[in-house]
Amino acid sequence: MSAPVRTWVRVLGGLCLALVVGCGAEPVGAPAPSPLPTPSVPTLAPSPSPTLSPTASPTASPSASPSASASPSALPSHRSTALRQGDRGPAVLALQQRLSALGYWLGTPDGHFGDLTEQAVYALQKSAGLTRDGRVGPRTAKALARGVRPDARSTVGHVVEVDLTRQLVLVVDDGRVWLVLNTSTGSGRTYWRDGRLRLAVTPRGRFAVYAEIDGLRMSPLGRLWRPKYFHGGIALHGSLFVLPWPDSHGCVRLSDPAIDMLWASGLAPIGTPVWVL
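About the cut-offs
- Residues numbered from 1 in each chain as written.
- Predicted model: local features only at pLDDT ≥ 70, side-chain atom pairs only at ≥ 80, totals over all residues.
- Heavy atoms only, no water.
- Helix = DSSP H or I, 4+ residues; strand = E, 2+ residues; numbered from the N terminus.
- Buried < 20%, exposed > 50% of the residue type's maximum accessible area, 1.4 Å probe, protein only.
- Contact = heavy atoms within 4.5 Å.
- Areas by Shrake-Rupley, 256 points an atom, 1.4 Å probe, with all protein chains shown as cover.
- Core = buried A, V, L, I, M, F, W, Y, C linked by side-chain atoms within 4.5 Å.
- Axes fitted to C-alpha atoms, helices over the stretch in contact; angles between N-to-C directions.
- Parallel < 35°, antiparallel > 145°, perpendicular 65-115°, else oblique.
- Left-handed = near helix turned anticlockwise from the far one by under 90°.
- Nonpolar A, V, L, I, M, F, W, Y, C, P; charged D, E, K, R; others polar.
- Salt bridge = Lys/Arg side-chain N within 4 Å of Asp/Glu carboxyl O.
- Pairing = 2+ DSSP bridges.
- Phe/Tyr/Trp six-rings, centres within 6.5 Å; stacked < 30°, edge-to-face > 60°.
- Lys NZ or Arg CZ within 6 Å of the ring centre and 35° of its normal.
- pLDDT = per-residue confidence, 0-100.

### Quick look at the overall build of the protein chain
A tally of regular secondary structure across the protein chain gives five helices and twelve strands. The buried share of the protein chain, reckoned over its 277 residues, is 51%. If you take every contact in the protein chain between residues at least 6 apart in sequence, the share linking residues at least 24 apart comes to 60%. Carbon and sulfur atoms provide 57% of the accessible area of the protein chain, an area that totals close to 12,400 Å².

So, in structure tokens, the structure goes:
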């Protein structure tokens, strides 16, 4: 059996496991999961949508290199009221530009404080250790002006890091953080599935993306948009609502536009290391 065929057999087997398990954690009392070995990146062309698509190593980088030295001018630190979702205008545009310059992804700055801007503000507040309310008041504005950014744990190669403590996803290249995303991981609560009591946790360890679905996956535990599986049924996936605290059954939730961006930019193909820390 040739190497590409063996790779596809492993990936198809992993996807079958993911489809059966869905997004969920281990039964209560089960031993801690062991990290999967990092597979090599397949070179076989992907199949049509919905795809199980091993893609090439990332070739696209974010449109602008994040820099803590980006000018904080026109930031809303002087405002008597906080910027919040629904606001529009030059102050919002300045906020979005500063967040984007620091690597807090929100799409294209447009002067409208929408869902993606709120997600980026959550991520900034988590990085700064502030209350996660999604509003830009004096303390959040000061953190923005200081250029607060999370540090990477990895130092070599392209890695997607999941910071369970701060509830952040970082896209890292050779120790440099390129993108920072708000996430919601395992809630720590118990739930019943298939007649067994299970614990909603996201396992720590060093894994790799081993299977993905380019489309909607409806699992017994809910909706997964374009999931990228890295450990059993645990995946990075899009969600309609991403709260600023742990609330999943074990998966790493991102906004639908954020997972779309990871797919479009090629930043998390099959084989990408995923460190859950």
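Once the structure has been displayed, the description carries forward.
### Some words on the nonpolar core
Residues Val 169, Phe 230, Leu 236, Leu 254 and Val 274 are the most contacted members of the largest nonpolar core, which totals 25 residues. Looking at this core, the elements with two or more residues in it are strand 1 (158–163), strand 2 (168–173), strand 3 (176–182), strand 10 (234–239), strand 11 (252–255), helix 5 (256–265) and strand 12 (273–276). Per-element accounting of this core gives the leading share, five residues, to helix 5. Not counting residues up to four positions away in its chain, the partners in contact with Leu 236 are Val 160, Val 169, Arg 226, Pro 227, Lys 228, Phe 230, Val 252, Leu 254, Ile 259 and Val 274. Counting 23 residues, the second-largest nonpolar core is a separate cluster that includes Leu 83, Val 136, Val 148 and Val 172.

### Let's talk about the packing of helix 2 (residues 90–101) against helix 3 (residues 115–128)
Contact geometry of helix 2 with helix 3 gives a least axis separation of 11 Å together with a crossing angle of 55°. By the angle between their axes, helix 2 is oblique relative to helix 3. Judged by the sense of rotation from one axis to the other, the crossing of helix 2 with helix 3 is left-handed. In this structure, helix 2 uses Leu 95, Gln 96 and Leu 99 to contact helix 3, whose residues at the interface are Thr 117, Ala 120, Val 121 and Leu 124. Among the residues making up the contact of helix 2 with helix 3, the classes are represented as five nonpolar, two polar and no charged.

### Considering the pattern of salt bridges
Across all of its chains, the model carries eight salt bridges by this definition. One salt bridge in this structure joins Arg 226 and Asp 260, with 3.0 Å as the shortest N-O distance. Highlighted residues: Arg 226 in strand 9 (residues 222–231) and Asp 260 in helix 5, separated in sequence by 34 residues. In this structure Arg 226 comes out as buried when scored by relative accessible area, which is 14%.

### Thoughts on the sheet that holds strand 2
In space, the five strands of this open sheet follow the order 3-2-1-12-6, with mixed pairing throughout. Pairing within the sheet leaves two strands with one partner each, and these edge strands are strand 3 and strand 6 (205–208). Direction aside, neighbouring strands of the sheet carry axes that sit 20° apart on average. Pairing analysis gives three bridges linking strand 1 to strand 12, with the strands arranged parallel. Its bridge partner lying in strand 12, Glu 161 is registered against Trp 275. Helix 3 rests against strand 2 and strand 3 of the sheet, and its axis sits at about 115° to strand 3.

### Points about the pairing of strand 12
Two elements, strand 6 and strand 12, share four bridges in a ladder whose sense is antiparallel. Note on strand 12: the bridge partner recorded for Ala 208 is Pro 273.

### With respect to the side chain of His 237
Mapped onto the elements of the fold, His 237 is located in strand 10. The buried category is assigned to His 237, whose relative accessible area is 3%. Sequence-distant contacts of His 237, defined by excluding residues within four places in its chain, comprise Cys 23, Arg 223, Leu 224, Trp 225, Pro 227, Cys 251, Val 252, Arg 253, Leu 254 and Ile 259.

### Notes on the side chain of Asp 256
Note that Asp 256 resides in helix 5. What makes Asp 256 buried here is its relative accessible area of 14%. Excluding residues within four positions of it along the chain, Asp 256 makes contact with Arg 223, Trp 225, Gly 238, Ser 239 and Leu 240.

### Overview of the environment of Leu 243
Examined against the element boundaries, Leu 243 turns out to sit in the loop between strand 10 and strand 11. C-alpha of Leu 243 to C-alpha of Gln 167: the two residues are 76 residues apart in sequence and 9.9 Å apart in space.

### Examining the packing of aromatic side chains
Under the criterion given, the structure shown has one aromatic pair. The side chain of Arg 176 reaches across the aromatic face of Trp 178, ending 5.1 Å from its centre. Arg 206 extends its terminal NZ or CZ atom over the ring of Trp 275, reaching a point 3.7 Å from the ring centre.

### Considerations on the confidence of the model for the protein chain
A residue-level look at the protein chain finds 71% of positions with pLDDT of 70 or above and a mean pLDDT of 82. Counting interchain partners and residues more than four positions distant, the pLDDT-below-50 stretch residues 2–13 has 13 contacts. Scored below 50 in pLDDT, residues 26–65 shows 77 contacts in the model against residues more than four places distant or in partner chains.

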